[in-house]
Amino acid sequence: MIARRDILKLACACLSSAATAYPKAPVIRTVLKDVPPEALGGGATLFHEHLSLAPDFMPRWIALARGGRAAAPLAAPAAQPYFMQDAELMTEEMRAAAKDGVGCIVDQGHPDMGRDLEFLKRISRQSGLHIVAACGYYTQPFYPPEVAAWNEDRIAAELTRQVKTQPIGVIGEIGTWDVMTSDERKVFRAVAKVHRATNLAIVTHTNFGKGALEQLDVLESAGVKPARVAIGHVGGLPDDDGTAKAIARRGAFVGFDRQGGAGDSRQVKMVMSMLEAGFAANLLFSSDFSAGGAQLKHNGGAGYGKTLTVFVPKLREAGVDEKTLHGILVDNPRRLLAFVPKR
Ligand SMILES: [Zn+2]
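In what follows, the accompanying structure is described. Just so it is clear, the model here is predicted, and its values are computed rather than measured.

**Overview of helix α6 (residues 152–165)**
Helix length check: α6 (14 residues) gives 20 Å between terminal C-alpha atoms against 20 Å at 1.5 Å per residue, within 8%. Where α6 is concerned, the buried positions are E152, I155, A156, E158, L159, T160, Q162 and V163. As for α6, its buried residues are in contact with β5 (130–135), α5 (146–149), β6 (168–175) and α7 (182–198). With a side-chain oxygen positioned 3.2 Å from the backbone nitrogen of D153, the residue opening α6 is N151.

Spelled out as C-alpha cells, the structure:
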C-alpha cells in the first residue's frame, strides 16, 4: 500500500513537472523555440518587417494603393528568384542585419500574403538571427473567400488552430485598408478572441494611420488591454496630428514602422514630440521592409538594419540619448511580444 506521504510526494512531482511544461514566466515565441526575453541579448527587435511574401504581393499592393483593383495578381517581379524566396540571399541579409545590431526580426506576414513559415525557419537556423512569425488575415482586398463566409467564431477557431499547431509568436499584421469594412471589423473581433485564448500580442496595419483609434476601440471593446496592442503605420500621419499621442495615452504601442527612407524627417519630428510628451515607453520602431530588392545590402542598399543605421542616427542628431533609444529598440518590443502561453 502506498503511504499518504508518498501520494503527496507523487502529487507534488506531477505538479512540478506540469509547471515545467507550462511555464508561468513570459516567453518570446520564435520560429525555432520559445525563449525568455533576455535570451535576445542586447540587440534591437524590429517589430514589423517582411521576410517572406508572395512575389505578386507587392505589385498587387502598389496597384491597390494607386486606386486600382488589383484583386487579380499582376506580373511577378522580373528578378528570379524573388529575393523573399531566396534562402541563401536572405540568410546573408539576416547576418548583415545582426552585424548592424538587430537581435530579432518579427515577420508580420501570414498565408494570405504568401508568408512561408518553413522559409522563415530556414533563414533563422542558417543565420542564427531570432525570427518571430505572425498569424491573421491582412485587409479586405487580400482576404481569402472564407473570411466573407465565416462568422467571428469560425475565424477565431481557425487562427487559434494555427497558434496551437505552429510556432506563431504574435497576431499581425491585421488591418483596415481604408475605412473599416464589416469583414475587417469581424476579423478584428475574432482576433480579440484569439488573443484572449492565447495571450499573444496584436499588431495592426492602418492605411498610413487612418482609423487607428477605431481599431483600438474595436479591440478594447472585445476585451483586449491596450498594452497588448501595437497600432501600425502611425508614422504615416501628418506630424501635427494628435492620433499618436491619443493612442499612447490609452496605453497602446504606437508603430513608427516605415523608417530609413523618404518619411524620416517627418517621423523624427513626430518621435521627438512623443518623447517630449513622455511617451518613450509606447514607441516601436521598424522599417516594414517590403518595397523591393533595391534596398538589400546585396544590391548596395541599407538592408534590414536600416532602422538602426539610417533612422536612429537622425534621432541621435536631434539629441535623443542612448538610454531612451535602448528602451525603444530593445525593451519595448520585448514587452509587447513576451507572453505566458495558455494551455
Ligand atoms: Zn507590413
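**Overview of the sheet that holds strand β7 (residues 202–205)**
Across the sheet, eight strands lie side by side as β3-β4-β5-β6-β7-β8-β9-β10; this open sheet has parallel pairing. Looking along the sheet, the strands with just one partner apiece sit at the ends: β3 (44–49) and β10 (283–285). With direction set aside, neighbouring strand axes in the sheet form an average angle of 30°. Pairing of strand β8 (residues 229–231) with strand β9 (residues 253–256) involves two bridges; the strand directions are parallel. Looking at β9, one finds that I231 is bridged to V254.

**A closer look at the coordination of the zinc ion**
Every protein donor of the zinc ion is listed here as H48 (NE2), H50 (NE2), E173 (OE) and D288 (OD), and their distances to the metal cover 2.1 to 2.5 Å. Written as a sequence motif, the donor arrangement for the zinc ion is H-x1-H-x122-E-x114-D. Residue H48 is located in strand β3, and its partner E173 is located in strand β6; the two are separated by 125 residues in the primary sequence. The residues H48 and E173 share a single accessibility class, namely buried.

**Points about the packing of α7 against helix α8 (residues 212–221)**
As a packed pair, α7 and α8 sit with axes 8 Å apart at the nearest point and diverge in direction by 45°. When the axis of α7 is compared with that of α8, the two are oblique. Where α7 crosses over α8, the two elements pack in a sense that is right-handed. Contacts between α7 and α8 involve R185, F188, R189 and A192 on the former and, on the latter, E214, Q215, V218, L219 and S221. Across the contact of α7 with α8, the residue classes break down as four nonpolar, two polar and three charged.

Rules of the game
- Throughout this document, residue positions are counted from 1 along each chain, in the order its sequence is written.
- Per-residue local features of the predicted model are confined to residues with pLDDT of at least 70, and side-chain atom pairs are confined, for both listing and counting, to 80 or more; whole-chain, interface and lining totals are unaffected and use all residues.
- To get the side-chain values, take all heavy atoms of the structure and skip hydrogens and water.
- Working definition: helices are DSSP H or I runs of at least four residues, strands are E runs of at least two. Numbering for both runs from the N terminus.
- The length a helix should cover is 1.5 Å for every residue beyond the first.
- Burial here depends on accessible area, computed with a 1.4 Å probe over protein chains only, as a share of the maximum for the residue type. Under 20% is buried, over 50% is exposed, and the range in between is partly exposed.
- In this description, contact between two residues means that some pair of their heavy atoms is separated by no more than 4.5 Å.
- Distance and chemistry together define a polar contact, namely a pair of N or O atoms within 3.5 Å, with one atom able to donate a hydrogen and the other to accept it when in protein, and with adjacent residues in sequence counting only for side-chain atoms on both sides.
- Note on pairing: two strands pair once DSSP finds at least 2 bridges between them.
- Angles run from 0 to 180 degrees between N-to-C directions of axes, and those axes are lines fitted to C-alpha atoms, restricted for helices to the stretch in contact.
- Donor selection uses N, O and S atoms within 2.8 Å of the metal (3.2 Å for Na, K and Ca). Since no water is included, sites may look incomplete.
- By definition in this entry, angles of less than 35 degrees are roughly parallel, angles greater than 145 are roughly antiparallel, angles of 65 to 115 are roughly perpendicular, and the rest are oblique.
- Two helices that cross are described as forming a left-handed crossing if the nearer one is turned anticlockwise from the farther one by less than a right angle, and a right-handed crossing if clockwise.
- Think of it as three bins: nonpolar holds Ala, Val, Leu, Ile, Met, Phe, Trp, Tyr, Cys and Pro, charged holds Asp, Glu, Lys and Arg, and polar takes everything else, Gly as well.

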